[in-house]
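Coordinate analysis (summary)
Below, each chain spelled out in residue letters.
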Amino acid sequence: MTDLKDKKSIVIYFSRADENYAVGYIGKWNTEVVAEYIQELTWADLFKVERKVPYSNNYQICCDEAQKEIYNDERPEIVNTLENIDDYEVIYVWGPIYWWQLPQPMVTQLEKLNREWKIVRPFTTHEGSGLAWVPNQLKNLCKWAEVLDWVAIRGSGVYEAKETIENWL
């Protein structure tokens, strides 16, 4: 495989703090920690996808909100939208797994991207679901891209995952 670390890249990610499964309340989002590792190792730009109306800080209520969005195929409004990725060759995409899928704010964002051919490298954080259904979902959402290998990191282990990320890159 070609070395992608030297290509102009961006990390597009969704992350959530507050109460999380298995780790309790956190101030720094698990996926954000991984996104920052990738930025540090690749010099990628960062773009954080943020839901206009944040999910509840209560874990169970957040799960209920996310499940409703997924089952109703909703596209929640996001704070800022990234539309032009012309300057980037590699797009690192991700966030946590919600109900075995992408969080709907990420779906909102990915559907707004211009459809120029790109390389997509997905990463996820989870507490036991691994990649779930996301590989197929992302390939359907990013038909305009070559989706390369994935990495899944346990949210409770993000601070020990730097070597895993380095090897994946």
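This section reports on the structure supplied with the text.

Conventions we followed
Starting afresh in each chain, residues are numbered from 1 along the sequence in its written order. Confidence filtering applies because this is a predicted model: local features only for residues at pLDDT of at least 70, side-chain atom pairs given and counted only at 80 or more, and all residues used for totals across whole chains, interfaces and linings. Note that the side-chain values use all heavy atoms of the structure and ignore hydrogens as well as water. Numbering of helices and strands starts at the N terminus; helices are DSSP runs of H or I of at least 4 residues and strands are runs of E of at least 2. Burial classes follow relative accessibility: with a 1.4 Å probe on protein chains only, a residue under 20% of its type's maximum area counts as buried, one over 50% as exposed, and anything between as partly exposed. Every residue pair with non-hydrogen atoms within 4.5 Å of one another is taken to be in contact. Counted as a polar contact is a pair of N or O atoms within 3.5 Å, where, for protein atoms, one must be capable of donating a hydrogen and the other of accepting one, and residues adjacent in sequence contribute only when both atoms are in side chains. Working rule for helices: expected span equals 1.5 Å times residues minus one.

1. Observations regarding the environment of Ser 9
Along the chain, Ser 9 falls in strand S1 (residues 9–14). You can call Ser 9 buried: its relative accessible area is 4%. Ignoring any residue separated from it by four or fewer positions in sequence, one finds Ser 9 in contact with Thr 42, Ala 44, Asp 45, Tyr 88, Val 90 and Tyr 92.

2. Things to note about the environment of Gln 39
Structurally, Gln 39 is set in helix H1 (residues 30–42). Separated by 53 residues in the primary sequence, Gln 39 and Tyr 92 have C-alpha atoms spaced 9.7 Å apart. A polar side-chain atom of Gln 39 sits 3.4 Å from the main-chain carbonyl oxygen of Ala 44.

3. Here's the deal with the side chain of Thr 125
Mapped onto the elements of the fold, Thr 125 is located in strand S6 (residues 118–126). At 2.7 Å, the side chain of Thr 125 and the side chain of Thr 31 are in polar contact. If near-sequence neighbours (up to four positions away) are discounted, Thr 125 is found in contact with Asn 30, Thr 31, Val 34, Trp 94, Gly 95, Pro 96, Ile 97, Ile 153, Gly 155 and Val 158.

4. Some points on helix H3 (residues 104–112)
Summarising burial for H3: seven of the nine residues are buried, a large majority. Looking at the packing, one finds that the buried side of H3 touches S1, strand S4 (45–49), helix H2 (59–71), strand S5 (90–96) and helix H4 (134–141).

5. Quick look at H1
The periodicity of an α-helix, 3.6 residues per turn, causes residues three or four positions apart to be oriented the same way. With 13 residues, H1 extends 19 Å between its outermost C-alpha atoms, agreeing within 8% with the 18 Å of an ideal straight helix rising 1.5 Å per residue. Those residues of H1 not exposed but buried are Asn 30, Thr 31, Glu 32, Val 33, Val 34, Ala 35, Tyr 37, Ile 38 and Thr 42. Phi turns positive one or two residues past the end of H1, at Trp 43, with a value near 65 degrees.

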